[in-house]
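# Understanding the architecture of this molecule
The residues making up each chain are set out below.
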Amino acid sequence: MDRVTWRTQVLSNHLNQPSMSSPLSPNPCVGFSPPELSEPFEFDTKEMRKLLDAHNLEDRDWLFGLMKQSKLFNPREAGGRVFVSPDYNQSMEQQREMTMKRIAYLLDRGVFEGWLTEKGVEAELRKLALHEVIGIYDHSLAVKLAVHFFSWGGSIQFFGTKRHHDKWLRDTENYAIKGCFAMSELGHGNNVRGIETVTNYDSTTGEFVINTPCESAQKYWIGGAANHATHTIVFSQLNLSGKNQGVHAFIAQIRDANGNICPNIRIADCGHKIGLNGVDNGRIWFDNVRIPRENLLNSVADVSPDGQYLSAIKDPDQRFAAFLAPLTSSRVSIAVGAIYSSQISLAIAIRYSLTRRAFSVTPKGPEVLLLDYPSHQQRLLPLLAKTYAMSFAANHLKMIYVKRTPELSKTIHVVSSAFKATLTWHNMRTLQECREACGGQGLKTENRIGPLKGEYDVQSTFEGDNNVLMQQVSKALLGEYIAAQKRSKPFKALGLEHMNKPCPVIPSQLTSSTLQSSQFQMDAFCLRERDLLNRFAMEVSERQKQGESKEYSVILSYQLAQDLGRAFSDRTILQTLLDAEAGVPSGSLKNVLAMLRSMYALICLEEDPAFLRFGYLSTDC
């Protein structure tokens, strides 16, 4: 049969087919219905939400409702529900403009009321809850607000006294002024003590004079500086009569009410970024900028009219530590925001895996749901268990922060450093896995996971590089260890009380029931932490005996320091999950939490080579 005849026959057969009522059968992967609309739940999801969000649920829902009501937040109806999400396809300039429009909308509706002028635990929890909702919508918007309220406003609260509070806080809350936070420099980020901006005092005029003496001293990555901020907190070395008194914080105006840059100040844009383009990061130079003596934030130290240095804290190290207080609140919000980002990406990827089908097991059988593949479960479910565990850890961090006392300052610093590093690392790993688990659909900005990767990547760096923060955690643990040894007294801080008990013994054979036992799980985590702390202290001591300084000995022992920081963080997270589980009555919800806790603990055992490297577990178990 020649080819023309063959084609004619094929077309004829096709056209002459008897009519069928439904010639095409729908493929199940084409239709979409969110699993939660049809699948039964074995536990009360509303009660689980109460555990995860922990506080101010009505305030959160109110703010979500405000967003749905405005076109500024791009509301879109699908499946009978309203969704909001940013438009990441806009230019950098458009994203920055939209961020300010959204702030104005929220300001007009009282969202920021009391964020700086109300005091107490309830006021702080409401502020944190609303900020978390904003972060769920758009990280750029959340960061822009965090710089203004937490960094600028928090500095005035922490470092200022009544005169500063009265003058600046209300205007900050009402956005009559727009603040930014100029700590980082081109040459110094994590090493704040080494910043190069210099401030001298002119006793003849009663003014401070701020200078950028070299290019590496330019303030860099300052959120809000490029376009919108009118004022900034300047962290600078304070020189008095030729003596350097260390880093202090000053208020300086950088723009007038009309947006014009003030004299003797130069500002440049940091430009387009891989994410967070709704935040106008800028660079600032100061050329003999004069500010009133009263613009020194003086809760830690002051300068008299005649130029005398006044401080109740005589130790320069303690004074410097006091100036890092605002970073703690930022680390708290960063850690919490990272977990909400993980929740969003997992919700998207798991929903996708419950609707998308691929391949069939038998020649004529139905295609298999992605989540029914064990390999897909191994990709997503461990991350889900970790995210649940870290959600409780983030709530624990918030609670100790809002109920802080001077006695808890070290605990808050160490826990916030550990959780900021651990939770942001986890978020980036989760985002990458979820993006891949969505296949080609994950490449669309509409999917959100790809843009979230760019938006949240910076969390591993700002407010303290994660590796540096983990070293701070290990150094703090080492300090507790040395102090306990010198005093010959038991450990009483940072959750190290388990060091006072006999060393846990891990069974040689691990049964399924043993592996799911909370006692075994905590014993394994405590054993790892106490052994790593002992090893770290011993290694640092040995290096010191060989003539190295303590600081350099710690640097050389970086591997043990990193392992110890991870062990501390994992053990603390497990404890917060156990505490949450203990607070739930017997029933299906408690059973789910127990399963998640066992998944979290066993995943940590599997992923950390230290358990085998140092013999806490053997391959024969």
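Cut-offs applied
Per chain, residues are indexed from 1 in the order of the written sequence. Restriction of local features to residues with pLDDT of at least 70 applies here, the model being predicted, together with a cutoff of 80 or more for giving and counting side-chain atom pairs; totals for whole chains, interfaces and linings are based on all residues. Excluded from the side-chain calculations are hydrogens and water; all other atoms, namely the structure's heavy atoms, are used. UniProt positions are given in the numbering used here, feature names are shortened, and annotations may be inferred rather than shown by experiment. Any two strands between which DSSP finds at least two bridges are classified as paired. Per the convention used, a helix needs a DSSP run of H or I reaching at least four residues, while a strand needs a run of E reaching at least two, with both numbered from the N terminus. Axis angles are defined between N-to-C directions and span 0 to 180 degrees, where every axis is a line fitted to C-alpha atoms and, for a helix, only to the segment in contact. By definition in this entry, angles of less than 35 degrees are roughly parallel, angles greater than 145 are roughly antiparallel, angles of 65 to 115 are roughly perpendicular, and the rest are oblique. For any pair of crossing helices, the crossing counts as left-handed if the nearer helix is rotated counterclockwise from the farther one by less than a right angle, and right-handed if it is rotated clockwise. Note on contacts: a residue pair is in contact if any heavy atoms of the two residues lie within 4.5 Å. Residues are grouped as follows: Ala, Val, Leu, Ile, Met, Phe, Trp, Tyr, Cys and Pro are nonpolar; Asp, Glu, Lys and Arg are charged; all remaining types, including Gly, are polar. The aromatic pairing rule takes the rings of Phe, Tyr and Trp, using the six-membered ring of Trp, and pairs them if the centres are within 6.5 Å, calling planes under 30 degrees apart stacked, those over 60 edge-to-face and the rest tilted. Accessibility here uses a 1.4 Å probe with only protein chains present; expressed as a share of the type maximum, an area under 20% marks a residue as buried, one over 50% as exposed, and anything in between as partly exposed. Our definition puts a charge over a ring when NZ of Lys or CZ of Arg is within 6 Å of the ring centre and also within 35 degrees of the ring normal. Grouping buried Ala, Val, Leu, Ile, Met, Phe, Trp, Tyr and Cys residues that are joined through side-chain atoms within 4.5 Å yields what is termed a nonpolar core. Any helix carries an expected span of 1.5 Å times its number of residues minus one. Each polar contact in these results corresponds to two N or O atoms within 3.5 Å; when the atoms are within protein, one needs to be able to donate a hydrogen and the other to accept it, and residues that are neighboring in sequence are counted only if both atoms are side-chain atoms. For this analysis, a salt bridge means a side-chain nitrogen from Lys or Arg found within 4 Å of a carboxyl oxygen belonging to Asp or Glu.

Looking at an unreviewed UniProt entry, one finds the chain named Acyl-coenzyme A oxidase, with Prunus yedoensis var. nudiflora as its source organism. Per UniProt, the chain carries the Subcellular location (unreviewed entry) text "Peroxisome". If you open the UniProt record of the chain and go to Catalytic activity (unreviewed entry), you find "a 2,3-saturated acyl-CoA + O2 = a (2E)-enoyl-CoA + H2O2".

## Quick word on the pairing of strand β14 (residues 357-360)
Within a regular beta strand, the side chains point alternately toward one face of the sheet and then the other, so they alternate between its two faces. Strand direction decides the pairing type here: β14 and strand β15 (residues 367-369), joined by three bridges, are antiparallel. Note on β15: the bridge partner recorded for serine 360 is glutamate 367. In sequence, β14 turns back onto β15 through a hairpin of six residues.

## Overview of the packing of helix α3 (residues 45-53) against helix α19 (residues 588-607)
Axis separation between α3 and α19 bottoms out at 10 Å; the angle between their running directions is 50 degrees. The pairing of α3 with α19 is recorded here as oblique in orientation. In this structure, α3 meets α19 at a crossing whose hand is right-handed. Residues Glu47, Met48 and Leu51 of α3 pack against Leu589, Val592 and Leu593 of α19. Here the contact of α3 with α19 is composed, by residue class, of five nonpolar, no polar and one charged.

## Thoughts on the environment of tyrosine 481
Here tyrosine 481 shows up in helix α14 (residues 466-487). Sequence-wise, tyrosine 481 and methionine 499 are 18 residues apart; in three dimensions their C-alpha atoms are separated by 9.5 Å. What tyrosine 481 contacts, discounting residues up to four positions off in sequence, is Phe491, Met499, Leu533, Asn534 and Ala537.

## What about the packing of aromatic side chains?
Within this structure, the stated rule accounts for 18 aromatic pairs. Ring centres of phenylalanine 112 and tryptophan 115 lie 5.1 Å apart, and the angle between their planes is 70 degrees; this geometry places the pair in the edge-to-face category. Like tryptophan 115, phenylalanine 112 is buried. A cation sits over an aromatic face here: arginine 193 above phenylalanine 320, 4.3 Å from the ring centre.

## Looking at the nonpolar core
Counting 135 residues, the largest nonpolar core has Leu63, Leu106, Phe112, Ile134, Ile233, Phe235 and Phe525 as the members making the most contacts within it. When residues no more than four places from it in sequence are discounted, the contact partners of leucine 63 are Leu106, Val111, Leu130, Val133 and Ile134.

## What to know about helix α12 (residues 409-437)
With 29 residues, α12 should reach 42 Å at 1.5 Å per residue; the first-to-last C-alpha distance of 41 Å fits that figure. In the segment just after α12, glycine 439 is the residue with positive phi, at about 60 degrees.

## So, helix α16 (residues 518-545)
For α16, built from 28 residues, the straight-helix expectation of 40 Å at 1.5 Å per residue is met to within 8% by its first-to-last C-alpha distance of 40 Å. N-cap assignment for α16: the residue whose side-chain oxygen lies 3.2 Å from the backbone N of glutamine 519 is serine 517. Directly after α16, the chain includes glycine 547, whose backbone phi takes a positive value near 105 degrees.

## A closer look at the environment of tyrosine 352
Among the structural elements, tyrosine 352 can be located in helix α10 (residues 325-353). In this structure tyrosine 352 comes out as buried when scored by relative accessible area, which is 19%. Taking the C-alpha atoms as reference, tyrosine 352 lies 9.4 Å from leucine 369; in sequence the two are 17 residues apart. When neighbours within four sequence positions are excluded, tyrosine 352 is seen to be in contact with Leu370, Ala437, Cys438 and Gln441.

## Remarks on the sheet that holds strand β6 (residues 219-223)
Read across the open sheet, the three strands follow the order β6-β10-β9; overall the sheet is antiparallel. Each edge of the sheet is formed by a strand with only one pairing partner; in this case those strands are β6 and β9 (265-269). Mean inter-strand twist for the sheet, computed between neighbouring axes without regard to direction, equals 35 degrees. Taken together, the five bridges between β9 and strand β10 (residues 281-286) define a ladder with antiparallel strand orientation. Paired with arginine 266 across the two strands is tryptophan 285, which belongs to β10.

## Comments concerning the UniProt feature "binding site: FAD" (unreviewed entry) in the chain
When the UniProt feature table is mapped onto this chain numbering, "binding site: FAD" (unreviewed entry) sits at Gly223. With respect to the secondary-structure elements, glycine 223 resides in strand β6. Not counting residues up to four positions away in its chain, the partners in contact with glycine 223 are Val147, Cys180, Val279, Asp280 and Asn281.

## Considering the side chain of histidine 55
With respect to the helices and strands, histidine 55 occurs in the loop between α3 and α4 (57-68). Of note is the side chain of histidine 55, whose polar atom sits 2.9 Å from the side chain of lysine 398. Each residue touching histidine 55, except ones within four places of it in the same chain, is listed here: Arg60, Leu125, Ala129, Glu132, Lys398 and Met399.

## As for the packing of α3 against helix α11 (residues 374-402)
Running from amino to carboxyl end, α3 crosses α11 at an angle of 50 degrees, the nearest separation of the two axes being 8 Å. By the angle between their axes, α3 is oblique relative to α11. Side by side, α3 and α11 meet where Met48, Leu51, Leu52 and Asp53 of the first sit next to Tyr388, Ser391, Phe392, Asn395 and Lys398 of the second. Looking at the contact of α3 with α11 residue by residue, the classes come out as five nonpolar, two polar and two charged.

## Points about the pattern of salt bridges
In total, this model carries 34 salt bridges according to the counting rule given. Note that arginine 535 is salt-bridged to aspartate 531, the shortest N-O span being 2.6 Å. You can see arginine 535 and its partner aspartate 531 sitting in helix α16, four residues apart, about one turn around the helix. When its relative accessible area of 33% is taken as the criterion, arginine 535 is described as partly exposed. One salt-bridge network, held together by shared partners, links Arg528, Arg566, Asp570 and Asp608.

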